[in-house]
Every structure is written in structure tokens, then in C-alpha cells.
Amino acid sequence: MLFKNAELFNIVDMSPAADGRGGYDLFRLPPEVREKADEGLRVRTSHFTCGAEIRFVINSGTAKVTLRTAAAIPTDPAPKYGQIVTYYGGVQANWQTALYRYTDEPTTLEIAPPPTPDKLEKLTVLNGYPYSPQVVRLCLNNSPAVLIDIEGDIRPPEEEEVPVLRGLMYGSSITHGSLALVANNFIPAVVGRRLRADICNLGFAGCCHLEKSVADYIVSRTDCDFFFSELGINVIGYMDAEEFERRVRYYINTAASAHAGKYFIVTDLYYCRRDLEGDEKAAQFREIVRRACEESECANVHYICGLDLLTSSAGLSADLVHPNVDGMAEISVNLSEKLKEIMGM
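Figured I'd write up the structure that's included with this text. These figures come from a predicted structure and were not determined experimentally.

1. Brief notes about the layout of surface pockets
Summary: where empty space remains is shown by rolling a probe the size of a single water molecule over the atoms.
Thought 1: Empty space within the largest pocket amounts to approximately 390 Å³.
Thought 2: Looking at the largest pocket, it is lined by 27 residues, and the ones nearest its centre are Glu53, Tyr131, Arg137, Ala189 and Arg193.
Thought 3: Sorting the residues of the lining of the largest pocket by element identifies β5 (53-69), β7 (91-92), β10 (135-140), α5 (187-195) and β13 (198-203) as the ones contributing at least two each.
Thought 4: Here the lining of the largest pocket takes four residues from α5, the largest share from any one element.

In C-alpha cells, the structure reads:
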């Protein structure tokens, strides 16, 4: 969506900040989907800004972006700091401008045009980056942010200045970016760079429950060329196998059939503590996902076992659920190669 001549990538709705302190909460799902979802997604994680970007081209002068942190729940205090990673098109910014921080009070960031445009253009051509180097990309971290204002002589990117290939990734906090630490380490971000694609991050921490409203929303997304879903870790302790299978089959058959001419790729649980402890429920839930994919009548459904993406306990953090930065990197690389194979890239 557009705001003050900038594109808000991976944001589809904004509303006056729920804490009453001014500015706008940003959402990755429209209100009619959030209202029908389970409580966690409805109240909290749909306004986490993982994979969201503020994008613009500076015509002259500098741009000013004012924002502040937001609480996950309006009654909670907002985090003291938020973080932004800057890219000029496909080129990560230099150390002076690569990272910006903003606080729980309105913080105005002054953004200069990309430096040494001739060198950035050369890097872009040499490496086949799918973005124009004139496109400033402010990549927001996975905590909520309140956007207050954007000022300056700017314009949104044009169609030919961003990737042609576009994907969507739905999943848990692992897709959302937990413990990847910075926005450009999130799995959708890394996969996007490796595939030269724009990827919408629909990862929801603790809230990937395969709700009907979310499945129906993904059906409505006609702007994507491929869809990847990571299923199971958020519900293995939340629902029984029978209910999980019912939701998985509805999700896969409904969403995949609606996008019959596009790639619909599904994985299950990555390596986690249940594997470390020999818990058979992890294998049971993986089998449900595998069987639902193989028995689907949709020819565009492709299954990848999560254990082929995160292959061992060496990729786990101390909570034995979320991958560490090495595990995030392993998933990103392995997934990218499998997607290239599936899509014939």
C-alpha cells in the first residue's frame, strides 16, 4: 500500500495507533481476516512488521521518516528500541547507514539518497539484482512499529524497479524471524535475495494455526507467483492430530486449488526438541502434512520435509524450538535450492 508517496511493502492495512499516542499501527492482514482469526493473531502478531519495508526513490534533498515502537498488546509497554536495516535496491547500505534505531518516543530518521550511484549501478548489473539501486528500502524488524509521518520529495518505486518474481511465505515465528536477530537474516528475506524475488512475510509468532480466514485470504492473493507454507510447530501442543489434519487438508486443498497455475510448496516441522527427545508426535504431525500433500488433487502442491531444511540439533537455539542464526541460514540456503529445483530456475 502507499503512504505519503512511499510504498509500504508487505503492509495491507493501517489504522490509528491503538495506544492513543498518535501515528498508525501497521498490519500484514486486512481487518476482516484478523477479526476471524484466533486470539493471538488477532490481538498481537498481525501488526508485527516482519518483512515489512518502507520503500521510496528520493527525487531531491533528503527524506524524513518518523516512527516509534509499539507494544505487542496495547496494555503492555512498548519496547525501548526498534531497528531498521537499509538497502539501496539490492545493495546493503554502508556501515554509516546500514542500521537505524528508533525509540518508544517519535523518532525522525533523515535518509539521504543512495551514495555513489554509478558504483551501485555497476554492482546491480554485475550481480543481477532485481531492484533499481535508487530504491531506498528501509527493512523493519519483527517487533511492531507505529508509523507517524514520511516527508520529502520522494516517489514510490515503479514496477520495473522491483522484482518481477513475487512469493508469499506463511508460517510460525521461525518464518516471522524470531532469533534471526536482524531483518535481512529472516528466512523470507534471504530466500528472496537468492531467488531474486520479493517475498511477503506472513509469519506469525505462536499463531500459525491454519485458521480458515487466513487460508481464504491466501486464496485471495493474486499478486504472487509461488506460495510456501511452514506448518505444525505452533499447533503441535495446541490441538490434537485429528484437528490438525482437518485444518491442513482444508488449507492445502483450498489455497492450492485457487492458485492452480502457480507453485504451492509446503513443509512441516523443522528439527526441534521433540526430535531431540524422541517424541513421536513430531513424526506424526510431519506424516499428516506429507500425506495431505501427496493425496491432494492439486498438481501444483510440492512437499518438502522440514528435516531436509534444518537437518540437526546444531541449528537450534537454547529454547530447542527456534533455529539459531546458523540454523536460519541453513534453512534459507536449503529451501532456496529446493525452490529453484521445483520452479525450474
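2. Quick word on the packing of helix α7 (residues 241-258) against helix α9 (residues 280-295)
Thought 1: At their nearest, the axes of α7 and α9 sit 10 Å apart, and the two run at 30 degrees to each other. Taken together, the axis directions place α7 and α9 in an arrangement best described as roughly parallel. Seen from above, α7 lies across α9 with right-handed handedness. Where α7 approaches α9, its residues Ala241, Phe244, Glu245, Val248, Arg249 and Ile252 are matched on the opposing element by Gln284, Phe285, Ile288, Val289, Arg291, Ala292, Cys293 and Glu295.
Thought 2: Grouping the constituent residues of the contact of α7 with α9 by class yields nine nonpolar, one polar and four charged.

3. Examining empty space enclosed by the protein
Thought 1: Under the definition given, this model contains one cavity of 30 Å³ or more.
Thought 2: In this structure, the largest cavity occupies an estimated 40 Å³ of space.
Thought 3: As for the largest cavity, its lining consists of Ile174, Glu230, Leu231, Ile233, Asp268, Leu269, Tyr270, Tyr271, Cys272 and Val321.
Thought 4: Residues belonging to the lining of the largest cavity are distributed by class as follows: eight nonpolar, no polar and two charged.

4. Things to note about the packing of aromatic side chains
Thought 1: Overall, the coordinates contain six aromatic pairs when judged by the stated rule.
Thought 2: Ring centres 5.7 Å apart and planes at 65 degrees place the aromatic pair phenylalanine 3 and tyrosine 24 in the edge-to-face group. On the criterion of sequence distance, the pair formed by phenylalanine 3 in strand β1 (residues 2-3) and tyrosine 24 in strand β4 (residues 24-27) is long-range, its members being 21 residues apart.
Thought 3: Taking the relative accessible area as the measure of exposure, phenylalanine 3 reaches 11% and is therefore buried.
Thought 4: Judged by its relative accessible area of 33%, tyrosine 24 falls in the partly exposed class.
Thought 5: Centre to centre, the rings of tyrosine 251 and phenylalanine 264 are 5.8 Å apart; their planes meet at 50 degrees, and the pair counts as tilted. Pair noted here: tyrosine 251 is in helix α7 and phenylalanine 264 is in strand β15 (residues 263-267), with a separation of 13 residues, a long-range link.
Thought 6: Given the relative accessible area of 1%, tyrosine 251 is considered buried.
Thought 7: Owing to a relative accessible area of 0%, phenylalanine 264 belongs among the buried residues under this scheme.

5. Digging into the side chain of threonine 86
Thought 1: Here threonine 86 lies in strand β6 (residues 81-88).
Thought 2: For threonine 86, a relative accessible area of 1% gives the class buried.
Thought 3: In this structure the side chain of threonine 86 is engaged in a polar contact, spanning 2.9 Å, whose partner is the backbone oxygen of threonine 97.
Thought 4: The contact partners of threonine 86, leaving out residues within four places of it in the chain, are Gln92, Ala93, Thr97, Ala98, Tyr100, Arg137 and Leu138.

6. Let's talk about the pattern of salt bridges
Thought 1: One pass over the full model with this rule turns up 29 salt bridges.
Thought 2: Aspartate 13 is paired through a salt bridge with arginine 34; the nearest N and O atoms lie 3.1 Å apart. Here aspartate 13, found in strand β3 (residues 13-16), pairs with arginine 34, found in helix α1 (residues 31-34); they are 21 residues apart in sequence, far enough to count as distant. Taken individually, aspartate 13 and arginine 34 each receive the classification buried, so the pair is uniform in this respect.
Thought 3: Note that glutamate 277 and arginine 273 form a salt bridge whose closest N and O atoms lie 3.2 Å from each other.
Thought 4: For glutamate 277, a relative accessible area of 53% puts it in the exposed group.

7. Describing the packing of α5 against helix α10 (residues 325-343)
In a pair of packed helices, the angle between the axes and the distance between the axes together describe the arrangement.
Thought 1: With their axes 9 Å apart at the nearest point, α5 and α10 run at an angle of 45 degrees to one another. Judged by the angle between their axes, α5 and α10 are oblique. When the axes of α5 and α10 are compared, the crossing they make is right-handed. Every residue of α10 that contacts α5 at Ile187, Val190, Val191, Arg194 and Leu195 is listed here: Met328, Ile331, Ser332, Val333, Leu335, Ser336, Glu337, Leu339, Lys340 and Met343.

Conventions we followed
- Residues numbered from 1 in each chain as written.
- Predicted model: local features only at pLDDT ≥ 70, side-chain atom pairs only at ≥ 80, totals over all residues.
- Heavy atoms only, no water.
- 1 Å grid on protein atoms, 1.4 Å probe; cavity = no way out; pocket = protein on both sides within 12 Å on 5 of 7 lines; lining within 4 Å.
- Points joined across faces, edges and corners; volume = space filled by probe spheres on them.
- Helix = DSSP H or I, 4+ residues; strand = E, 2+ residues; numbered from the N terminus.
- Axes fitted to C-alpha atoms, helices over the stretch in contact; angles between N-to-C directions.
- Parallel < 35°, antiparallel > 145°, perpendicular 65-115°, else oblique.
- Left-handed = near helix turned anticlockwise from the far one by under 90°.
- Contact = heavy atoms within 4.5 Å.
- Nonpolar A, V, L, I, M, F, W, Y, C, P; charged D, E, K, R; others polar.
- Phe/Tyr/Trp six-rings, centres within 6.5 Å; stacked < 30°, edge-to-face > 60°.
- Buried < 20%, exposed > 50% of the residue type's maximum accessible area, 1.4 Å probe, protein only.
- Polar contact = N/O pair within 3.5 Å; in protein donor to acceptor, adjacent residues only side chain to side chain.
- Salt bridge = Lys/Arg side-chain N within 4 Å of Asp/Glu carboxyl O.

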